[in-house]
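Here's the letter readout for the chains.
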Amino acid sequence: MERCVVALEEKIRDYLGNLGFEIYPFKVGWYNEALPPAFHLPYPDNTLAFVVVSIPAMFDKAFKPFLRNQVLKKIRDPIDQCISYHLTLVKQSLDNQQLDIMYDYEMLPNRKPRFLAQTAAHVAGAAYYYQRKDVQQDPWGEKKIYGVCIHPRYGGWFAIRALLLFPEVEVPFLLRNSPIDCVTTEEKRITLLEKFNFHWKDWSYRDIIEVKDKYSEEQKMYFATPPAERLKLLNLQEDLQKNANY
Ligand code: B12
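Cut-off values and rules
Per chain, residue numbering runs from 1 following the sequence as it is written. Reporting of local features is limited, given that this is a predicted model, to residues whose pLDDT is at least 70; pairs of side-chain atoms are given and counted only at 80 or more, and all residues count toward the totals for whole chains, interfaces and linings. UniProt positions are given in the numbering used here, feature names are shortened, and annotations may be inferred rather than shown by experiment. Here a helix means four or more residues in a row that DSSP labels H or I, a strand means two or more in a row labelled E, and each is numbered from the N terminus. Note on method: radius of gyration uses C-alpha positions; expected globular size equals 2.2 Å times residues raised to 0.38. Labels follow a simple rule on C-beta atoms placed from the backbone: if 20 or more others lie within 10 Å of a residue's own, it is buried; if 12 or fewer, it is exposed; otherwise it is partly exposed. By the criterion used throughout, residues are in contact when their C-beta atoms, derived from the backbone, lie within 7 Å. All residues are tested the same way: a C-beta atom is placed from the backbone, and lying within 6 Å of a molecule or strand makes the residue near it. Three classes are used, and their members are as follows: Ala, Val, Leu, Ile, Met, Phe, Trp, Tyr, Cys and Pro are nonpolar, Asp, Glu, Lys and Arg are charged, and the others, Gly among them, are polar. Note on method: axes are straight lines fitted to C-alpha atoms, helices fitted across the in-contact stretch only, with angles between N-to-C directions ranging 0 to 180 degrees. The sense of a crossing depends on the near helix, which, turned anticlockwise from the far helix by less than a right angle, makes the crossing left-handed and, turned clockwise, makes it right-handed. DSSP calls a pair of strands paired once it identifies at least 2 bridges connecting them. Between 65 and 115 degrees an angle is taken as roughly perpendicular, under 35 as roughly parallel, over 145 as roughly antiparallel, and anywhere else as oblique. Only buried residues count toward a nonpolar core: Ala, Val, Leu, Ile, Met, Phe, Trp, Tyr and Cys, linked into one set through C-beta atoms within 7 Å. By definition here, a helix of n residues has an expected span of 1.5 Å times n minus one. To be clear, the arc concerns the directions from the helix axis to the C-beta atoms.

The name recorded for the protein in an unreviewed UniProt entry is Cyanocobalamin reductase / alkylcobalamin dealkylase, from Salvator merianae. According to its UniProt record, the protein has this under Sequence similarities (unreviewed entry): "Belongs to the MMACHC family." The UniProt entry for the protein carries this comment under Subcellular location (unreviewed entry): "Cytoplasm".

In structure tokens form, the structure reads like this:
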């Protein structure tokens, strides 16, 4: 069974690794024990799951080729379409293996997210989730302060995209990797949470640590454009490219 899981993990990584995604395995029990029942995933504790994150290279390696090759459906976000396209192919490549995919943007009928992406990233060891309670003396009083995950190599330049759940695969033996605590001082943690909550539009929280790679200007421009206008931006670029060719 252990070898079977390693082979499964390698197969998924072989496919997604070249496209600018990373995967991290975890047990559903690790996730559920961090959360109140309202957020629990409805699977037994030993169920195998993976958290899928996109890194800066995803834009060039997966998204741009996807735009060139696929007919986009106007009503859905193009990045979401690209990610579900590739994860659906992963599912197909695993033949008869039962696999449930959950996306970060999916909501339950009670309007709660289907899963909490940051908690999943933390328990899987992908990215440390810094929350208000990780600061000893906080200066924020009554204000609501959202937490943020920091990836040890890409800082804040990544996104948590999906969970892959294997209802038929039980992994009681899975070893747990702690996330790397890369923002260690009280001062830095305060700066990080302030930047994420009050200045996230200037991108600066993403550079709280030194990073190996970050979003290009083009990728930043894309993500800074409101979703409803992104298609227009893409069409515009296409037109510019066409003009340049003539
Ligand atoms: C709703 C939402 C928002 C809302 C509300 C934010 C919020 N956190 O509630 C709004 C619109 C404000 C928002 C804004 C942004 N968001 Co937002 N958002 C989400 C979304 C869809 C759900 C978050 C949520 O509802 N959480 C519910 C609350 C209750 O969860 P919680 O605070 O973590 O509390 C739980 C934990 O504390 C846990 N817990 C308790 N103790 C412990 C101990 C440990 C060790 C652990 C692990 C857990 C744990 O128990 C609590 C629940 O009881 C997630 C994607 C997802 N599916 O998770 C993205 C997400 C959090 N957002 C993200 C981002 C980047 C942003 C923005 C920068 C905009 C953007 N997309 O560029 C801004 C920044 C915030 C700001 N300044 O406004 C990223 C964060 C990435 C990261 N590095 O952490 C996410 C993960 C999306 C993604 N796909 O990557 N967002």
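Student: I'd like a description of the overall build of the protein, backed by residues and values.
Tutor: Helix and strand content of the protein: 8 helices and 6 strands. The helix and strand sequence of the protein, counted from the amino end, reads α-β-α-β-α-α-β-α-β-β-β-α-α-α. Computed over its C-alpha atoms, the radius of gyration of the protein comes to 19 Å, within 12% of the 18 Å expected for a compact globule of 246 residues. Put simply, the protein has 246 residues, and 30% of those count as buried. Within the protein, contacts between residues separated by at least 24 positions form 72% of all contacts whose residues are at least 6 apart in sequence.

Student: Explain the site of the ligand residue by residue, including any values.
Tutor: Lining the immediate surroundings of the ligand are 25 residues, of which Asp104, Pro113, Ala117, His122 and Cys149 lie closest. Each residue belonging to the shell around the ligand can be placed in one class, and the counts come to 17 nonpolar, 7 polar and 1 charged.

Student: Quick rundown of the packing of helix 1 (residues 2–17) against helix 4 (residues 78–93)? Include the residues and the values.
Tutor: The interhelical angle for the contact between helix 1 and helix 4, taken along N-to-C directions, is 145°, at an axis separation of 11 Å. When the axes of helix 1 and helix 4 are compared, the crossing they make is right-handed. Residues Ile12, Tyr15 and Leu16 of helix 1 lie in contact with helix 4, whose contacting residues are His86, Val90 and Ser93. Residues belonging to the contact of helix 1 with helix 4 are distributed by class as follows: 4 nonpolar, 2 polar and no charged.

Student: So, the pairing of strand 6 (residues 159–170): which residues are in play, and what are the values?
Tutor: Where strand 2 (residues 47–54) lies against strand 6, 8 bridges are found, and the strand directions are antiparallel. In the strand pairing of strand 6, Val51 is matched with Leu163. Direction of pairing for strand 3 (residues 100–103) relative to strand 6: antiparallel, over a ladder of 4 bridges. By the bridge assignment, Asp100 is partnered in strand 6 with Leu165.

Student: Outline the packing of helix 3 (residues 58–69) against helix 4, supporting the account with residue identities and numerical values.
Tutor: At a minimum axis separation of 10 Å, helix 3 and helix 4 run at an interaxial angle of 100°. By the angle between their directions, the pair helix 3 and helix 4 is classed as roughly perpendicular. In contact with Ala62, Phe63, Phe66 and Leu67 of helix 3, helix 4 contributes Pro78, Ile79, Cys82, Tyr85 and His86. For the contact of helix 3 with helix 4, a count of residues per class yields 8 nonpolar, 1 polar and no charged.

Student: Can you tell me about the nonpolar core, naming the residues and giving the values?
Tutor: The biggest cluster of nonpolar side chains holds 55 residues, and the ones touching the most others in it are Val51, Val53, Ala120, Ala121 and Leu163. Among residues more than four places away in sequence, those in contact with Val53 are Phe21, Glu22, Ala121, Ala126, Phe158, Ala159, Ile160 and Arg161.

Student: Quick one: what's the story with the sheet that holds strand 2, residue by residue and with numbers?
Tutor: Within a sheet, adjacent strands bond to each other through the backbone by hydrogen bonds, running parallel or antiparallel. A sheet is described by the order of its strands in space; here 4 strands give the open sequence 1-2-6-3, paired in antiparallel fashion. The open sheet has two edge strands with one neighbour each: strand 1 (21–27) and strand 3. Strand-to-strand twist in this sheet, taken as the mean axis angle between neighbours without regard to direction, amounts to 20°.

Student: How would you explain helix 6 (residues 186–198) if you had to name every residue and give the values?
Tutor: Because an α-helix completes one turn every 3.6 residues, residues spaced three or four positions apart along the sequence face the same direction. Its 13 residues place the ends of helix 6 18 Å apart at the C-alpha level, agreeing with the 18 Å of an ideal helix rising 1.5 Å per residue. All buried positions along helix 6 are accounted for by Arg189, Leu192, Leu193 and Phe196. Along the axis of helix 6, the buried positions cluster into a sector of 90°, meaning they face one direction only. Tucked inside the fold, the buried residues of helix 6 contact strand 4 (128–130) and strand 5 (148–150).

Student: How would you summarise the environment of Leu16 if you had to cite specific residues and measurements?
Tutor: Position of Leu16 among the secondary structure elements: in helix 1. For Leu16, a count of 23 C-beta atoms within 10 Å translates into the label buried. Along the chain, Leu16 and His86 lie 70 residues apart, while their C-alpha atoms are 7.9 Å from each other. Ignoring anything within four residues of it in the chain, the contact list for Leu16 reads Phe21, Ile23, Val52, His86 and Val90.

Student: Can you explain the environment of Thr119? Please cite residues and give values.
Tutor: Counting through the fold element by element, Thr119 comes out in helix 5 (residues 117–123). For Thr119, a count of 21 C-beta atoms within 10 Å puts it in the buried group. For the pair Thr119 and Asn32, spaced 87 residues apart in sequence, the C-alpha to C-alpha distance is 9.5 Å. Setting aside its immediate chain neighbours within four residues, Thr119 contacts Tyr31, Ala34, Leu35 and Tyr129.

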